[in-house]
Amino acid sequence: MHHASCVLDEARYYARSFFGPMPTRLDLLPAGAGGGSVLVLPGFLACDASTRPLRRGLKRIGYHVFKLGMGRNMGVSEQTLYDVDMRVRELVQRRGEPIILIGWSLGGLIAREYAKHAPELVRAVITLGSPIQGDLRTLPIARLYEWLAGHKVDAPPIDCALDEKPPQPTAAIWSPRDTVVPLAYARGNRRSCDFDIEVRCAHLGYCTDIDAMLAIDRAIARCCPEAASHKTAALLAYHGAEPIAAEAA
């Protein structure tokens, strides 16, 4: 019954995607300011439109948030890291600080590998339902990925050490209701990430889920407290967020 319920959740999000992202009550998020610069990478077959609610939510919380601007993510290619590098360097020059990378699903894998190539440009890496360990060939979406991307899911055309964490602070956000990338792949371990945070949303719901947005805020506060947004203690208590940034400060 649990699995059937999770599959129905994914189907509901998929059906809704033809009409745009799920409506999201961003007013439920605490308002803040002064956070660091964040770049959001969409998942496989997704584009910046899919991550718009997440970007708007993080902006409300107090971060400077940017889209990737590379169109629909059709899989990893030899051009991928170059394109991400161009965007990151543009933002670093504009903002004058390293960038926090947030990657949803495949976007998280790309963020992790890019961070290894350009450690001086990336402040932290946070993944949302990304397969950061395990045998990618057994994922439910593996055959579709190989058909569309044109290469084996475990043999991308870039250097990739799946379970080797980037040198930056790295967090993995995962959900037991995710039927696309199960928790055994997305949760990671101390070799693949510094810590993990559980939420309870569908794989297709990470970018519209309020709890996932709050989890990202907590992850940033823990990974790089100097880049955390500033919120009042009253707002944090009301929304059930852990005041990690305040403790770190």
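Scroll up to find the structure.
Residues numbered from 1 in each chain as written. Predicted model: local features only at pLDDT ≥ 70, side-chain atom pairs only at ≥ 80, totals over all residues. Heavy atoms only, no water.

1. Considerations on the pattern of salt bridges
Scanning the entire structure with this criterion turns up 15 salt bridges. One salt bridge connects Arg-25 with Asp-27, and the closest N-O pair in it is separated by 2.7 Å. Accessibility expressed as a relative area gives 49% for Arg-25, which makes it partly exposed. Classification of Asp-27 as partly exposed rests on a relative accessible area of 45%. The shortest N-O distance in the salt bridge between Asp-154 and Arg-137 comes to 3.6 Å. In this pair, Asp-154 sits in the loop between α5 (142-149) and β5 (170-174) while Arg-137 sits in the loop between β4 (122-128) and α5, placing the two residues 17 residues apart along the sequence. We classify Asp-154 as partly exposed; its relative accessible area is 42%. A cluster of three or more residues bridged by salt bridges with shared partners is formed by Arg-87, Glu-90 and Arg-94. (Salt bridge = Lys/Arg side-chain N within 4 Å of Asp/Glu carboxyl O. Buried < 20%, exposed > 50% of the residue type's maximum accessible area, 1.4 Å probe, protein only. Helix = DSSP H or I, 4+ residues; strand = E, 2+ residues; numbered from the N terminus.)

2. Focus: the sheet that holds strand β1 (residues 37-41)
Spatial ordering of the open sheet is given by β2-β1-β3-β4-β5-β6, a layout of 6 strands whose pairing is parallel. Edge positions in the sheet fall to β2 (64-67) and β6 (195-198), since each of these pairs with one other strand and no more. Averaged over all adjacent pairs, the angle separating strand axes in this sheet is 20°, with direction ignored. Bridge count for β5 against β6 is 4 bridges, and the pairing is parallel. In the sheet register, Trp-174 faces β6, and the bridge partner there is Glu-198. Helix-sheet contacts for helix α3 (residues 80-95) involve β1, β2 and β3 (99-104), and the interaxial angle to β2 is about 150°. (Pairing = 2+ DSSP bridges. Axes fitted to C-alpha atoms, helices over the stretch in contact; angles between N-to-C directions. Contact = heavy atoms within 4.5 Å.)

3. Topic: α5
Every buried residue belonging to α5 is among Ala-142, Tyr-145 and Glu-146, and all of these are buried. Burial along α5 is one-sided: seen end-on, the buried residues are contained in an arc of 95°. Buried residues along α5 sit against α4 (106-117). Directly beyond the C-terminal end of α5, a positive phi value near 85° is found at Gly-150. (Arc of directions from axis to C-beta.)

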